[in-house]
Amino acid sequence: MLFLFGLSRSSKTFKPKKNIPEGSHQYELLKHAEATLGSGNLRQAVMLPEGEDLNEWIAVNTVDFFNQINMLYGTITEFCTEASCPVMSAGPRYEYHWADGTNIKKPIKCSAPKYIDYLMTWVQDQLDDETLFPSKIGVPFPRNFMSVAKTILKRLFRVYAHIYHQHFDSVMQLQEEAHLNTSFKHFIFFVQEFNLIDRRELAPLQELIEKLGSKDR
């Protein structure tokens, strides 16, 4: 949740922040999530609140994770350059090529800053699409909502993976590691709770995920 972040360097975002309209039901859900997160029990904080719609809960949290990652990546953009990161990777074993199925149909190899720019722009477009992420009360979520949300979260995970593998030294230098770890732990507990990302996709950070999980038991 955004309240976890200090406002010094962290207020610089990579893309414009996506706001949930105040007074809407989704805004109320976001406030509920922030309140439960404040209790410190992340496993409990990610659970679907009683009587709430699963799609809406996933939508609100997906917007929030986009904003968190946007902020985190915004703090290290000066270290993630064409020269330092000529490919989008998460350690030596994992490399990502970009395709969005519309503008770029065949996966292309590109630098990490280019990939993340493509990725965050694509996510932003999905979040701004009222037919996919309806913000008005009574407007139903589309049938393919869950598969779109899963793709968004799978791709956002790759930004965490890249930051941890390639830029953790810079994160520590900036004293942002507590923010990064809390944000990632919240993200992982959320996707685990609703089984939103395939285990194979999580492999680049598997050790860290196990460590975060065991600390919480």
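Residues numbered from 1 in each chain as written. Predicted model: local features only at pLDDT ≥ 70, side-chain atom pairs only at ≥ 80, totals over all residues. Heavy atoms only, no water.

**Observations regarding the overall build of the chain**
- Along the backbone of the chain there are 7 helices and 2 strands.
- Its helices and strands in sequence order give the chain the pattern α-α-α-β-β-α-α-α-α, from N to C terminus.
- Counting all 217 residues of the chain, 50% fall into the buried class.
- In the chain, the proportion of contacts linking residues at least 24 apart, taken out of those at least 6 apart, comes to 75%.
- As presented, the chain carries roughly 10900 Å² of accessible surface, and 50% of it is formed by carbon and sulfur atoms. (Helix = DSSP H or I, 4+ residues; strand = E, 2+ residues; numbered from the N terminus. Buried < 20%, exposed > 50% of the residue type's maximum accessible area, 1.4 Å probe, protein only. Contact = heavy atoms within 4.5 Å. Areas by Shrake-Rupley, 256 points an atom, 1.4 Å probe, with all protein chains shown as cover.)

**With respect to the pattern of salt bridges**
- Counting across every chain of the model gives 3 salt bridges.
- Close ionic contact of Asp198 with Arg200 constitutes a salt bridge, the shortest N to O distance being 3.2 Å.
- The exposure class of Asp198 is partly exposed, given its relative accessible area of 39%. (Salt bridge = Lys/Arg side-chain N within 4 Å of Asp/Glu carboxyl O.)

**As for the packing of helix α3 (residues 54-76) against helix α5 (residues 145-173)**
- Look at α3 against α5: their axes get within 10 Å of each other, and the N-to-C directions meet at 25°. Taken together, α3 and α5 sit at an angle that is classed as roughly parallel. At the point where α3 passes α5, the crossing takes the left-handed sense. Counted together, Leu54, Asn55, Ile58, Ala59, Thr62, Phe65, Phe66, Gln68, Ile69, Leu72, Tyr73 and Ile76 of α3 and Phe145, Met146, Ala149, Ile152, Leu153, Leu156, Val159, Tyr160, Ile163, His167, Ser170 and Val171 of α5 form the full contact between these two elements.
- Partitioning the contact of α3 with α5 into residue classes produces 19 nonpolar, 5 polar and no charged. (Axes fitted to C-alpha atoms, helices over the stretch in contact; angles between N-to-C directions. Parallel < 35°, antiparallel > 145°, perpendicular 65-115°, else oblique. Left-handed = near helix turned anticlockwise from the far one by under 90°. Nonpolar A, V, L, I, M, F, W, Y, C, P; charged D, E, K, R; others polar.)

**A word on the packing of aromatic side chains**
- As enumerated under the stated definition, the model contains 15 aromatic pairs in all.
- Ring centres 5.2 Å apart and planes at 75° place the aromatic pair Phe133 and Phe145 in the edge-to-face group. With Phe133 in the loop between α4 (112-128) and α5 and Phe145 in helix α5, this pair connects stretches of sequence that are 12 residues apart.
- Under the relative-accessibility criterion, Phe145 is labelled buried at 0%.
- An angle of 55° between the planes, with centres 5.0 Å apart, marks the rings of Tyr160 and Phe187 as tilted. Of this pair, Tyr160 sits in helix α5 while Phe187 sits in helix α6 (residues 177-193); the two residues are 27 residues apart in sequence, bridging distant segments of the chain.
- We classify Tyr160 as buried; its relative accessible area is 0%.
- A relative accessible area of 0% means that Phe187 is categorised as buried. (Phe/Tyr/Trp six-rings, centres within 6.5 Å; stacked < 30°, edge-to-face > 60°.)

**Regarding the UniProt feature "binding site: Zn(2+)" (unreviewed entry) in the chain**
- Annotation from UniProt places "binding site: Zn(2+)" (unreviewed entry) at Cys80, Cys85, His162 and His167. With the annotated positions falling across 88 residues, the maximum pairwise C-alpha distance of 9.9 Å places them together in a single cluster.
- Considering the arrangement of structural elements, one finds His167 in helix α5.
- Those residues within four positions of His167 in sequence are excluded, and the remaining contacts are Ile76, Phe79, Cys80, Ser84, Cys85 and His162.
- Within the structure, His167 has its side chain in polar contact with the side chain of His162 (distance 3.1 Å). (UniProt positions renumbered as here; feature names shortened; annotations may be inferred. Polar contact = N/O pair within 3.5 Å; in protein donor to acceptor, adjacent residues only side chain to side chain.)

**With respect to the side chain of Ser89**
- Mapping Ser89 onto the fold places it in strand β1 (residues 88-89).
- Owing to a relative accessible area of 11%, Ser89 belongs among the buried residues under this scheme.

**Let's talk about the state of the cysteines**
- This model, assessed by the stated rule, comprises 0 disulfides.
- The thiol of Cys80 is not disulfide-bonded; the next cysteine sulfur, from Cys85, is found 4.0 Å away. (Disulfide = S-S within 2.5 Å.)

**Re unusual backbone geometry**
- One non-glycine residue with positive phi stands out, namely Gln175, at about 60°.
- Here Gln175 is to be found in the loop between α5 and α6.
- Even without being glycine, Asn195 reaches a positive phi, approximately 55°.
- Relative to the assigned elements, Asn195 resides in the loop between α6 and α7 (206-215).
- By relative accessible area, Asn195 is classed as exposed at 59%.

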